[in-house]
Every structure is written in C-alpha cells, then in structure tokens.
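# Residue-level structural notes
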Amino acid sequence: MMDQNGFPKPLQDAVTVTTAGATGVARLVIQGLLEIVDDRAELRRATDFLREKLTGYAPIWHLTRAAHGDEPASALRRIRDELEQAVDNSVKAAVDWVGRHGGGPVAVAPSSSIIDRVLAELGPAPAGEPAIALAGADAIGPDRVLNIKGTLELARRLPTLVVTTGLKLVPGPVFEQLGAPVFEPIPLRQFAAVVIDGEVFSPAAAGRRAATLRE
C-alpha cells in the first residue's frame, strides 16, 4: 500500500472524505495535483496512489490522463473550470426536468454533491409521496452506471434521473476496473434519463457517449 505522507492535503482529504461525492472528490484531486504539477515524478506517484485508493471514481481516470499529458497544469485547470460550468448546467437541467414531471417531492440516492445542489435549488419539499427520483453517478460506462448501493432499488421503484457531468463517462474497459464495496453497477436502461453537462440524454445515448471514449 502506498504511503500518503508527503502529498498535499487536498489529496489526502480526497481519499478520506465521505460527504463530498465523486464531484467533490474530483475538485480536491485537481487542487492537490496542481500543487505538485511541476514535479513529474511526484505527480506520477500521486496518481498511482489515487488509482489505488479511489477505485470507484471515474474522474480519476480523466485526471490521471491530464496529469500525464504534455501540459498537465493547463489540462487540469481546464478540467477544473469546465467542471464548475458543467455542474451548474446539470443542476439547472435537473431542476427543469423535475418541473416537467410534476414538481412534486423527489426521492434521492444519497452521497451526491450535485443532487444536494439540485435539492437546494428545488427548495422545501412539498408534502406527499415521491413519484420521481434523482441520483448521481460515480461512473457511467457504455451500458451501466456505478453508484452508491441502493440506487438500483430506487431506479426500479421510481422513474429516476441520473444527474452528472462528462467527467463520469468512461469507456467499457475502464468501467470494468472500477468498483468498491459501497458501490453497485446498475444497467443504464434502468433509468429514465441522464443529464450530462446540462443536456438530457436517453440512457442509450448516454451509453454511446461513454463508448466513444478511448483508453
């Protein structure tokens, strides 16, 4: 097991935080990698450490590719800036989707910072039983979603919208390598729709976007 001593604090926090969700973890990782971006050997050691510790998070694949590229600093900053805009767009699209589906109470899969943002935008929940649900995603592959356990039961029970960003899309071989005890793979077809960077996709279309990525 790799020793995390000596890594910037954001990287240490990224592997221990339990309330940030995959997007929050990605923010911490970007911040930490930028602190050591001029030391290629340390950057590689850090990404090896992150892949070992954060085995269920698709963003680590994207961030590792950026960190190992020709211009890691600019690539990581671009991802950081695009991520914030993508989150804002996805939150807005999810709020609009809830409104189009009656605007009533919603059930949610826990541990998603994007879903927390959506709930805050929706405001106090009206009374009644939920007729729709929202879930984040830790990874989306060509035909499956990886998310916290309990998401499959939720998606079977209620029409469920996945709300996420392009940083969660990975090709099939990468998806097969992801997983952790707290996560479960769910067929994409189980969901009603998928919001990616503010655009609403059918589950099949979201899967095709993941399938176009290359290792």
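Scroll up to find the structure.
Structural notes, computed from the coordinates. (Residues numbered from 1 in each chain as written. Predicted model: local features only at pLDDT ≥ 70, side-chain atom pairs only at ≥ 80, totals over all residues. Heavy atoms only, no water.)

A separate point is the sheet that holds strand β6 (residues 183–187). Taking strand neighbours across the sheet as the criterion, the three strands line up as β3-β4-β6 in an open arrangement whose pairing is antiparallel. Looking at strand neighbours, the two that pair on one side only are β3 (139–140) and β6, the edges of this open sheet. In the sheet, β3 pairs with strand β4 (residues 144–148) via two bridges, with the strands oriented antiparallel. When the sheet's bridge partners are listed, Ile-140 is paired in β4 with Val-145. (Pairing = 2+ DSSP bridges. Helix = DSSP H or I, 4+ residues; strand = E, 2+ residues; numbered from the N terminus.)

A separate point is the nonpolar core. The tendency in soluble globular proteins is for nonpolar side chains to be buried as a group. Formed by 54 residues in total, the largest nonpolar core has its most connected members in Val-29, Leu-33, Leu-134 and Val-163. A total of 11 residues in this core trace back to one element, the largest contributor, which is helix α5 (residues 72–100). Apart from residues no more than four positions distant in its own chain, Leu-33 is found in contact with Leu-11, Leu-43, Ala-46, Thr-47, Leu-50, Ala-67 and Leu-76. Ala-137, Val-162, Phe-201 and Ala-210 belong to the second largest nonpolar core, which has 16 residues in total. (Core = buried A, V, L, I, M, F, W, Y, C linked by side-chain atoms within 4.5 Å. Buried < 20%, exposed > 50% of the residue type's maximum accessible area, 1.4 Å probe, protein only. Contact = heavy atoms within 4.5 Å.)

Where helix α2 (residues 21–35) contacts helix α4 (residues 58–67), the axes come no closer than 10 Å and their chain directions differ by 20°. Here α4 runs roughly parallel to α2, going by the angle between their axes. For the element pair α2 and α4, the recorded crossing hand is right-handed. Between α2, through Ala-22, Ala-26, Val-29, Ile-30 and Leu-33, and α4, the contact on the second element is made entirely by Pro-59, Ile-60, Leu-63 and Ala-67. (Axes fitted to C-alpha atoms, helices over the stretch in contact; angles between N-to-C directions. Parallel < 35°, antiparallel > 145°, perpendicular 65-115°, else oblique. Left-handed = near helix turned anticlockwise from the far one by under 90°.)

Enumeration according to the criterion identifies two aromatic pairs in this entry. For the pair Phe-7 and Phe-49, a centre-to-centre distance of 4.9 Å together with 35° between the ring planes defines the contact as tilted. In this pair, Phe-7 is assigned in the segment before α1 (9–14) and Phe-49 in helix α3 (residues 40–53), connecting sequence segments 42 residues apart. Phe-49 shares its class with Phe-7; the two are buried. With 5.7 Å between their ring centres and 85° between their planes, Tyr-57 and Phe-183 make a pair best called edge-to-face. Here Tyr-57, found in the loop between α3 and α4, pairs with Phe-183, found in strand β6; they are 126 residues apart in sequence, far enough to count as distant. Across the pair, exposure class does not vary: Tyr-57 and Phe-183 are buried alike. (Phe/Tyr/Trp six-rings, centres within 6.5 Å; stacked < 30°, edge-to-face > 60°.)

Let us look at a nonpolar patch on the surface. A cluster of nonpolar side chains, contributed by Val-108, Leu-119 and Leu-122, occupies part of the molecular surface with about 180 Å² of accessible area. Among the secondary structure elements, Leu-119 is positioned in helix α6 (residues 113–122). (Patch = residues over 30% accessible without salt bridge, like charges linked within 9 Å, V, L, I, M, F, W, Y side chains within 5 Å. Areas by Shrake-Rupley, 256 points an atom, 1.4 Å probe, with all protein chains shown as cover. Salt bridge = Lys/Arg side-chain N within 4 Å of Asp/Glu carboxyl O.)

Fair warning: the whole summary comes from geometry, so function is off the table for now.
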